[in-house]
Structures are given as C-alpha cells and as structure tokens.
Amino acid sequence: MFTSINLLTGFAVNLAIALIIVRFIYYPVKQNKSYVFTFIAFNTIIFFVMSLLSSIELSVGAGFGLFAIFSVLRYRTNPMPPRDMTYLFILIGLPVINSGLLNNAGRDVLLVANGAVVGVLYVLEQGWGFHYEQSQRVSYERIELIRPENHDLLLADLRERTGLPVKRVEIGNINFLKD
C-alpha cells in the first residue's frame, strides 16, 4: 500500500542520496555550480513523477519514456561535458530506481542500491587506480618546434606560455600557410 509516509520517506532518502552525490562527490571535483540546480531539480521531479506513476500501476515503460524525453533534450540544448552528462543520467536514474524499490522491495535493498552507487562514484572521483589528465586544444604558430627533434623545446615553450604543467602534446593539424 502506498501512503504519504512512504512517499515522504522515499523522497527524503532519494534527496539525501542526491545531495551526497552532488555536494560531496561531484562539486568538490568540478567546483562548478552551474549544474547543481539542474541535478537536484531533475532528481526531485522524476522521483515524484515515478512514485506517483508507480502508485497508479503504470508500466515501467513510463520510466523509459522519461529517459527518451531527456535524451532528446540532450541534443536540443547546449553541449554538456561527458562527466556532467553522466552525473545527470545518474541523478535521473536514481529516482526511477528509488521509486520502484520503495514500492516493491524493502528499505534495506533501497539503501544497498543507493550505497553502491554513491560508493562507486566516490571511488571513481578519487581517481583510485586511474590517472586523469585534462586536455586543451591550442593553435600554435612556432612551426619549427613541431619537429620530433624539438619535442622537449615544444613542451617547454607551451609550459612557459600557458603556465600549465604540460606533460605531453599531440599534433592534430598542421597548416603551413597560416603557420
């Protein structure tokens, strides 16, 4: 039986998990507040929509329909970096899972599933066993330094100009007409 106490309990658990993911895993790494509103708002509304749809016995197809709608939105909006898009997908998927588990499984299964998601995200963001590098595309005019024998000079020049700890360089396009 679906009651308002179950709904509020499920919402509290779902919101707590979403806040843990956004505040303590996503935000410390990205330091970007631009998606925090989107993550929490999507997570909240999807939880309530899925909980209420589940309570009136609609099929799981409604959940997949939501995913389809949001994937179409992805292609109609400004590009979102892959890592941020992954967090959005997770924060869209969690309320679907949570609303289903709230109605069909015990709270222990709900907590284990959410704990597993939080744990995996935390491990991945800590970089345990993985070394992440950032990349930046630049147009470079010192054509004489792109020769293989000048590789060290190229790295040194890029470090000096950008102030960044450049570790490696990849040449993607050479235009001798524009240097």
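In this text the structure is predicted, and so the values were computed from the model without any measurement.

K.L.:
An account of the overall build of the protein chain is requested, with residue identities and associated values reported.
P.N.:
When you go through the protein chain residue by residue, the secondary structure sums to six helices and zero strands. The proportion of buried residues among the 179 residues of the protein chain is 28%. Counting only contacts in the protein chain whose residues sit at least 6 apart along the sequence, the fraction spanning at least 24 positions is 65%. About 12400 Å² of surface is accessible on the protein chain, with carbon and sulfur atoms providing 63% of the total.

K.L.:
Can you explain helix α1 (residues 4-30)? Please cite residues and give values.
P.N.:
The terminal C-alpha atoms of α1, which comprises 27 residues, lie 36 Å apart, in line with the 39 Å expected from a rise of 1.5 Å per residue. Along α1, the sharpest kink reaches roughly 25°, centred on Val-22. Considered for burial, the residues of α1 that qualify are Asn-6, Leu-7, Gly-10, Asn-14, Ile-17, Ala-18, Ile-21, Val-22, Ile-25, Tyr-26 and Tyr-27. Directly after α1, the chain includes Gln-31, whose backbone phi takes a positive value near 50°.

K.L.:
Please set out the packing of α1 against helix α5 (residues 107-126) residue by residue, giving values where relevant.
P.N.:
Between α1 and α5, the least distance of the axes is 10 Å, while the angle of their chain directions is 10°. Here α1 is positioned roughly parallel relative to α5, judged by the angle of their axes. Counted together, Asn-6, Thr-9, Val-13, Ile-17, Ile-20, Ile-21, Ile-25 and Val-29 of α1 and Arg-107, Leu-110, Leu-111, Asn-114, Val-117, Val-118, Leu-121, Tyr-122 and Glu-125 of α5 form the full contact between these two elements. Broken down by class, the residue content of the contact of α1 with α5 amounts to twelve nonpolar, three polar and two charged.

K.L.:
Give a description of the nonpolar core that names residues and reports values.
P.N.:
If you look at the biggest cluster of nonpolar residues, it comprises 20 residues, and the most contacted ones within it are Ile-21, Phe-39, Tyr-87, Leu-91, Leu-94 and Leu-121. Core analysis: the second largest hydrophobic core is formed by six residues, Tyr-140, Leu-145, Leu-154 and Leu-158 among them.

K.L.:
Explain the packing of aromatic side chains to me, using residue names and the numbers behind them.
P.N.:
Here the structure, examined in full by the defined rule, presents seven aromatic pairs. Centre to centre, the rings of Phe-11 and Phe-47 are 6.4 Å apart; their planes meet at 45°, and the pair counts as tilted. In this pair, Phe-11 sits in helix α1 while Phe-47 sits in helix α2 (residues 36-55), placing the two residues 36 residues apart along the sequence. A ring pair is formed by Phe-39 and Tyr-87, whose centres lie 6.4 Å apart and whose planes are at 35°; its orientation type is tilted. Taken together, the residues span a long stretch of sequence, with Phe-39 in helix α2 and Tyr-87 in helix α4 (residues 82-104) at a distance of 48 residues. Accessibility assignment for this pair places Phe-39 and Tyr-87 in one class, buried. Three or more aromatic residues joined by ring pairs form one cluster here, namely Tyr-26, Tyr-35, Phe-39 and Tyr-87. The aromatic ring of Phe-24 is capped on one face by Arg-23, whose charged end is 5.6 Å from the ring centroid.

About the thresholds
Residues numbered from 1 in each chain as written. Predicted model: local features only at pLDDT ≥ 70, side-chain atom pairs only at ≥ 80, totals over all residues. Heavy atoms only, no water. Helix = DSSP H or I, 4+ residues; strand = E, 2+ residues; numbered from the N terminus. Buried < 20%, exposed > 50% of the residue type's maximum accessible area, 1.4 Å probe, protein only. Contact = heavy atoms within 4.5 Å. Areas by Shrake-Rupley, 256 points an atom, 1.4 Å probe, with all protein chains shown as cover. Expected span 1.5 Å × (residues − 1). Bend = angle between axes of the 7 residues up to and from the residue. Axes fitted to C-alpha atoms, helices over the stretch in contact; angles between N-to-C directions. Parallel < 35°, antiparallel > 145°, perpendicular 65-115°, else oblique. Nonpolar A, V, L, I, M, F, W, Y, C, P; charged D, E, K, R; others polar. Core = buried A, V, L, I, M, F, W, Y, C linked by side-chain atoms within 4.5 Å. Phe/Tyr/Trp six-rings, centres within 6.5 Å; stacked < 30°, edge-to-face > 60°. Lys NZ or Arg CZ within 6 Å of the ring centre and 35° of its normal.

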